Amino acid sequence: MSETNDTQRKSALVTGSSRGIGLAVASELAQAGYNVCLNCSSERGLAALQEHADALAARYGVQTLAVAASVGNADEASALVSVAHKAFGRLDVLVNNAGITHDGLMVRMKEEDFDNVINVNLKGTFLCCKAAGQIMMKQRYGRIINMSSISGIGGNAGQVNYAASKAGVIGLTKTIARELAARGVTANAVAPGFIATDMTDALSEKQREAIGAQIPLKRFGRAADVAHLVRFLASEEAGYITGQVICVDGGLAL
Ligand code: NAP
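Please read these numbers as outputs of a predicted model, since none were measured by experiment.

### What about the UniProt feature "binding site: NADP(+)" (unreviewed entry) in the chain?
Turning to step 1, where the next piece is worked out: The feature "binding site: NADP(+)" (unreviewed entry), as annotated in UniProt, sits at Gly 16, Ser 17, Ser 18, Arg 19, Asn 97, Tyr 162, Ala 163, Ala 164, Ser 165, Lys 166 and Ile 195 in this numbering. The greatest C-alpha distance among the residues just named is 24.4 Å, and with 180 residues of sequence between them they are spread in space as well.
Turning to step 2, where the next piece is worked out: Tracing the sequence through the fold places Tyr 162 in helix α6 (residues 160-180).
Turning to step 3, where the next piece is worked out: When its relative accessible area of 8% is taken as the criterion, Tyr 162 is described as buried.
Turning to step 4, where the next piece is worked out: Leaving out residues up to four positions away in the same chain, Tyr 162 has contacts with Ile 100, Thr 101, Val 117, Asn 121, Ser 149, Ser 151 and Met 199.
Turning to step 5, where the next piece is worked out: Tracing the backbone shows Ile 195 in the loop between β6 (185-192) and α7 (198-201).
Turning to step 6, where the next piece is worked out: Taking relative accessible area as the criterion, Ile 195 reaches 5% and is therefore assigned buried.
Turning to step 7, where the next piece is worked out: Setting aside residues up to four positions removed in sequence, Ile 195 forms contacts with Ile 21, Thr 200, Phe 220, Gly 221, Arg 222, Ala 223, Val 226 and Val 248.

### Remarks on the pairing of strand β2 (residues 35-40)
Sheet faces and side chains relate simply in a regular strand, where the side chains alternate between the two faces.
Turning to step 1, where the next piece is worked out: The element β2 is largely enclosed, with a buried count of 6 among its 6 residues.
Turning to step 2, where the next piece is worked out: Residues of β2 alternate between two faces, with Asn 35, Cys 37 and Asn 39 on one and Val 36, Leu 38 and Cys 40 on the opposite face, all of them buried.
Turning to step 3, where the next piece is worked out: Inspection of the sheet shows strand β1 (residues 11-14) paired to β2 by 4 bridges, in the parallel sense. Across the sheet, Ser 11 pairs through a bridge with Asn 35, a residue of β2.
Turning to step 4, where the next piece is worked out: With helix α1 (residues 20-31) bridging β1 and the parallel β2, this β-α-β connection has right-handed handedness.

### A look at the packing of aromatic side chains
Turning to step 1, where the next piece is worked out: Applying the stated rule across the entire model yields 1 aromatic pair.
Turning to step 2, where the next piece is worked out: An angle of 40° between the planes, with centres 5.6 Å apart, marks the rings of Phe 194 and Phe 220 as tilted. Placement of Phe 194 in the loop between β6 and α7 and of Phe 220 in the loop between α8 (205-214) and α9 (223-234) is noted, with a sequence separation of 26 residues between them.
Turning to step 3, where the next piece is worked out: The ring of Tyr 141 has Lys 10 lying over it, and the distance from NZ or CZ to the ring centre is 5.1 Å.

### Structural notes on the sheet that holds strand β7 (residues 245-248)
Turning to step 1, where the next piece is worked out: Taken in spatial order, the 7 strands make up an open sheet running β3-β2-β1-β4-β5-β6-β7, and their pairing is parallel. In this open sheet, the two strands that pair with only one neighbour each are β3 (64-68) and β7. Neighbouring strand axes in the sheet, compared pairwise and without regard to direction, differ in orientation by 20° on average.
Turning to step 2, where the next piece is worked out: Note that β2 and β3 share 5 bridges and pair parallel. Within β3, the residue paired with Val 36 across the bridge is Thr 64.

### With respect to the pattern of salt bridges
Any two side chains of opposite charge can pair, given that their charged atoms come close.
Turning to step 1, where the next piece is worked out: Scanning the model with the defined rule gives 6 salt bridges in all.
Turning to step 2, where the next piece is worked out: Here Glu 236 ties to Lys 10 by a salt bridge, and the two come within 2.5 Å at their closest N and O atoms. In this pair, Glu 236 sits in the loop between α9 and β7 while Lys 10 sits in the segment before β1, placing the two residues 226 residues apart along the sequence.
Turning to step 3, where the next piece is worked out: Overall, Glu 236 belongs to the exposed group, its relative accessible area being 51%.
Turning to step 4, where the next piece is worked out: Between Glu 205 and Arg 208 there is a salt bridge, with its nearest N and O atoms 3.9 Å apart. On the criterion of helical spacing, the pair formed by Glu 205 and Arg 208 is a turn pair, its members being 3 residues apart in helix α8.
Turning to step 5, where the next piece is worked out: The partly exposed category is assigned to Arg 208, whose relative accessible area is 23%.

What counts as what
- Residues numbered from 1 in each chain as written.
- Predicted model: local features only at pLDDT ≥ 70, side-chain atom pairs only at ≥ 80, totals over all residues.
- Heavy atoms only, no water.
- UniProt positions renumbered as here; feature names shortened; annotations may be inferred.
- Helix = DSSP H or I, 4+ residues; strand = E, 2+ residues; numbered from the N terminus.
- Buried < 20%, exposed > 50% of the residue type's maximum accessible area, 1.4 Å probe, protein only.
- Contact = heavy atoms within 4.5 Å.
- Pairing = 2+ DSSP bridges.
- Right-handed = clockwise from strand over helix to strand, strands pointing away.
- Phe/Tyr/Trp six-rings, centres within 6.5 Å; stacked < 30°, edge-to-face > 60°.
- Lys NZ or Arg CZ within 6 Å of the ring centre and 35° of its normal.
- Axes fitted to C-alpha atoms, helices over the stretch in contact; angles between N-to-C directions.
- Salt bridge = Lys/Arg side-chain N within 4 Å of Asp/Glu carboxyl O.

Now the structure itself:
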């Protein structure tokens, strides 16, 4: 763990924060003064994750932690939440950002590609919410922010597994918002459109241009565009917002 000695700070766990939106969120929360636990899927990525964690601690003077755990695995998800909670002495914010794609048309999609995407994107979100929800209920304070997608709202050809997982995240978020509200815990979903990260790097230049032309704001989003919203939803000021799905998509889903 990268150290500063301050257990009064609020703390956050951001799953899937080795790059892209997750790393931007971890950075935004560290800048806002949270102690932050970063996460990647396996030990292979841990050295690089630790470097990001150390850099944020040095830059913003907060405590950071780097933990390898695959969120779709019940034991690993539970250990991840527990390690973050114990290290910081409290857990105020959970951002379920870890996500994968295995795109393909429905008639050709392999069962394992469907299962893997549901397992990480939807079940992983459930497992982390369950572990963190228990802590936050006792604390009588918490902010849960789940990464959905505009694919989960309107569907997207070639993403039957991904769109189903992200639609599931919305149903899950609304349900836990109802279940946890009386204990001071809010839960909201963020639905990004097309954000420039490794995930969208898979698109060809031609696809990128065609999509860009459909977006009212005429550009792909930046990871920071999503992170700014997450920072607000994580704050005390957002305490009267729960069960919502907020798009960060340049107007694409209008
Ligand atoms: P990304 O660049 O591909 O990064 C994905 C992150 O998730 C990485 O840190 C990866 O860690 C982590 N991850 C993957 N499987 C994991 C697992 N089993 N356990 C823990 N961590 C795991 O993706 P992104 O574009 O930043 O997307 C972040 C989130 O936003 C995802 O939920 C995605 O579905 C959603 N989203 C993205 C877009 C977009 O346009 N980019 C649009 C809508 C929604 P490793 O380094 O270990 O692989």
